[in-house]
Structure formats: C-alpha cells, structure tokens
Amino acid sequence: MRRYIKTLLFSASLLLAANGFQAVAQIDAQLTQYWALPSYYNPSSIGNVDFIHITAGSKLQWIGVKHAPMDFLAMADMPFKFLGKRWGTGVMLQQENVGLFSTQTVAAQIAWKKKMLGGTLSVGAQVGLLNQSFRGDSIRVPENDNYHTSADDAIPKGVVNGKALDVAAGVTFTHKWFWVALSGTHLTAPTINMKAGENEEDLYQFETGRNFYLMAGSNIPIKNTLIEIQPSVLVKTDTKFWQYEATARFRYNKFVSAGVAYRHKDAVSAMIGVELKNFFVGYAYDFPISAMNKATHGSHELFLNYNVKLNMGEVNKNKHKSIRIM
C-alpha cells in the first residue's frame, strides 16, 4: 500500500499533456492554522488593527512520501488612512513544490474598511502573478511499460515554465467576539501556457481552478478565569468537491494556546501556540485518517508572526491583537 500511494502521488504530477490537453490542479496550500493566516485565503482579512503583521512559515505535508507538497509562505500587511477612510494593504509570497511541479506566487492586496453593526466590514482584492514550472527532465518511465514510452510527445523532455495573472477577492466582518469571512481565489481560472524556450510547438497547459472559502471563528472568555475558548471552522470547495474543518482552541492568559482540529475524512490535528510580547509562534501536527496513513506519519506546520505597533490616531476597541491570534 505504501508503494502504491507513493506511486499514485508521483503519477499525479504527470497529468500534463501537449497540444491543447490540459492538466487541472489546485495550488492553494492546506493550512491547519488557517485562523492564524486568514489573509492567505482572503485578502479582506488585512489591516484590521493598528499593527504591521509580518508572518513567515511552512507546511510540510505527508512526511515520508516522496514529492509530497511543501509550502513556504511569507506575508505582511498593515492599515492606513486615505481620504479619511481606513484601508489595509498587504503582500503575499508563496513557494510550493509538489511532485515535479513548482509554483511561485507574488501578490499584492488591498482592503477597504467600514465600521457597522458594532464591528468592521472589510472588502478586499488581490492581484498576483503565478509562475509555474514542471521538471520534465526528471520523469523516469519504467522499462517494459506497456502504457507509457519516454518518446511520448505528451511528456515534456525538459523543464517547462510559464506565468499568468491571478486574482482573488473576499469580504470579512470582524466583531469583538467573532469574525466571518467569505472569499474566492483564482477567480479568473488562469491557464498557464508552459513551454521550453520559444518553441511554440511544444506547448503545455496548466489550468488553475477556482476555489471558494468560508471561515468563521469566535473568542469566548470563561467568566472569572484567564481562559478563552476559540472555536473556528473552515469550509472550502471548487464547486465539485467540498471539505470541512472544525477547530477548538483554548487560550490561557493571552500567552499560551492549544487545540485540536478535525478535517472531514482527511486528518485530525493538534496545535500549540505561544505569544510573547509582539511575537506569536504556532505549530500544528496533522495525522491522516484516510488511506494516506499507510504511507506517512503525518504533516508538520510552523509559523512565526511578528507585530509592530502603529499609531493610527484612533482608539482600537478590539482587545485582541488580531484575528490571527484570536
């Protein structure tokens, strides 16, 4: 079973064909600590409080499985005022490696804020550039294979790459006690035309599908204690497949937090976080409950957030520093 799953994962990276045949894939990272990095999925979740947020980290998925997904993220955002209104701006960088594919994303974010209903409504957009490459020179076709041949024109002979413009948008409502966010990524469903050099005859296409996300969370203090309960949920879909994730976290004295999560038919997770002055460090471990547990011992995720206080000339009524560490 272990060999079969590894082979299946490797074979998935070969779903690329020439002359009009398209490979369809999703390239958003599967983050267990989504509640700490909402702006990765939703550009409207930036600039909510008077801090510059700088975040960096990685997700190493399915440890022990060759060519499994590896994601590295770096993000920063901050609020600012323009024409008497509050706005947010941010940047996001991502490097993802899965199979023989490699994807780099560079994106800029902007969000408009409006106070209403006792909270803040935020509407945001993101524009970025996707750079996709495929290592065709690393493909190894087994000998005596009756279904594949190294001379197949549908298999790139070398490294092919291409770029495409990418767009995301979202809306977030943040209240003192809860937050809810709805967003869509890759809204233009960009198709990346990949080629080696200037040879137009050897054209390969990578099609990026649209993804949609619903996130929500709350911050519930327990009376007469230093403990807060912080439940959250994440629902994601490409309109064909749906995935649900529920998280329950406990925070003590605004210093240490711990929790568990369940991703439907996929994994159970444990996580821990520590806040020290302007730093937040979060770690999560995923254990698969699907057939993947025959091939891997789990996934690791680690993120570091640093906050720099800004003077926006107004009182921030939200007692928490950010929805990232609610």
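Throughout what follows, the structure given in this document is the object of discussion. Since we're looking at a predicted model, the values are computed, not measured.

Helix and strand content of the chain: two helices and 18 strands. Looking at the chain as a whole, 47% of its 326 residues are labelled buried. In the chain, once contacts between residues fewer than 6 apart in sequence are set aside, the share between residues at least 24 apart is 58%. As displayed, the chain has an accessible area near 16,300 Å², and 64% of this comes from carbon and sulfur atoms.

If you look at the biggest cluster of nonpolar residues, it comprises 22 residues, and the most contacted ones within it are L31, Y34, W35, L37, Y40, Y41 and M215. Among the secondary structure elements, those contributing two or more residues to this core are α2 (38-41), β3 (70-82), β8 (178-185), β11 (211-218) and β17 (279-288). For Y40, the residues in contact, after removing those within four places along its chain, are I27, D28, A29, L31, L73, M75, M92 and Q94. Judged by nonpolar contacts, the second largest core, of 13 residues, contains I27, F101, L130 and V160.

Pairing of β11 with strand β13 (residues 227-237) involves six bridges; the strand directions are antiparallel. Along β13, the bridge assignment pairs F212 with T237. As defined by bridge partners, strand β12 (residues 220-221) adjoins β13 across two bridges and the pair is classed as antiparallel. What sits directly across from I220, in β13, is I229. The hairpin formed by β12 and β13 contains five residues between the paired strands, and N224 there has a positive phi angle of roughly 65°. Relative to strand β14 (residues 242-252), β13 runs antiparallel, the two sharing 11 bridges. Bridge assignment links Q230 to a residue of β14, and that residue is R249.

Rules used throughout
- Residues numbered from 1 in each chain as written.
- Predicted model: local features only at pLDDT ≥ 70, side-chain atom pairs only at ≥ 80, totals over all residues.
- Heavy atoms only, no water.
- Helix = DSSP H or I, 4+ residues; strand = E, 2+ residues; numbered from the N terminus.
- Buried < 20%, exposed > 50% of the residue type's maximum accessible area, 1.4 Å probe, protein only.
- Contact = heavy atoms within 4.5 Å.
- Areas by Shrake-Rupley, 256 points an atom, 1.4 Å probe, with all protein chains shown as cover.
- Core = buried A, V, L, I, M, F, W, Y, C linked by side-chain atoms within 4.5 Å.
- Pairing = 2+ DSSP bridges.

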